[in-house]
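Here are the chains, one letter per residue:
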Amino acid sequence: QQELEQQVADQQSDITNKEGSITELTKMKELLQQKVAEQTSDGAEKDSKIADLTAKQQELEQQVADQQSDITNKEGSITELTKMKELLQQKVAEQTSDGAEKDSKIADLTAKQQELEQQ
């Protein structure tokens, strides 16, 4: 009978120990569940931030592409204007030379006219 009482006492001690372990494990489980919930929330916030940053990056890439296109168009305009400027400078030089020739001819004709009028 003492042996049975000892077995009962040992089993009750074992049950108490296991109940303590169950209580600790339950607390650990609750803490882990809370941590998982926090990390899930944190992950959702990070996913949202990544989506926002990705959208902003795409917007900036589009702005860069638009600006590069604008620069290319302006470079083309500058090239055309430079060619037009060169052609106009050439025309001015030709007209200046032509004007000088005409001035010389006018001077010659005026001199001849004065000569003839004096005769």
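Structure: see above.
Residues numbered from 1 in each chain as written. Predicted model: local features only at pLDDT ≥ 70, side-chain atom pairs only at ≥ 80, totals over all residues. Heavy atoms only, no water.

Trainee: What should I look at first to understand the overall build of the protein chain in this one?
Mentor: Within the protein chain, the secondary structure is distributed over 1 helix and 0 strands. Taken along the three principal axes of its C-alpha coordinates, the protein chain extends 170 × 15 × 15 Å. A total of 119 residues make up the protein chain; the buried ones form 0% of that total. Accessible surface, the protein chain: about 11200 Å² in total, of which carbon and sulfur atoms supply 53%. Placing the 14 positive and 26 negative side-chain charges of the protein chain at their respective mean positions leaves the two points 8 Å apart. (Helix = DSSP H or I, 4+ residues; strand = E, 2+ residues; numbered from the N terminus. Buried < 20%, exposed > 50% of the residue type's maximum accessible area, 1.4 Å probe, protein only. Areas by Shrake-Rupley, 256 points an atom, 1.4 Å probe, with all protein chains shown as cover. Lys, Arg positive; Asp, Glu negative; His and termini not counted. Charge placed at Lys NZ, Arg CZ, Asp CG, Glu CD.)

Trainee: What am I meant to see in the environment of Gln 119 here?
Mentor: By the secondary structure assignment, Gln 119 is in the segment after helix H1 (2-118). In this structure the C-alpha to C-alpha distance between Gln 119 and Asp 42, which are 77 residues apart in sequence, comes to 112 Å.

Trainee: Sorry if this is basic, but what is going on with the pattern of salt bridges here?
Mentor: Proximity of charged atoms lets side chains of opposite charge pair with each other. Tallied over the full model, the rule gives 5 salt bridges. With a closest N to O distance of 3.9 Å, Glu 59 and Lys 56 form a salt bridge. Of the two residues, Glu 59 and Lys 56 both sit in helix H1, 3 residues apart, roughly one turn of that helix. Residue Asp 98 is joined to Lys 102 by a salt bridge in which the shortest nitrogen-to-oxygen separation is 3.4 Å. (Salt bridge = Lys/Arg side-chain N within 4 Å of Asp/Glu carboxyl O.)

Distances and angles like these do not, on their own, reveal function.
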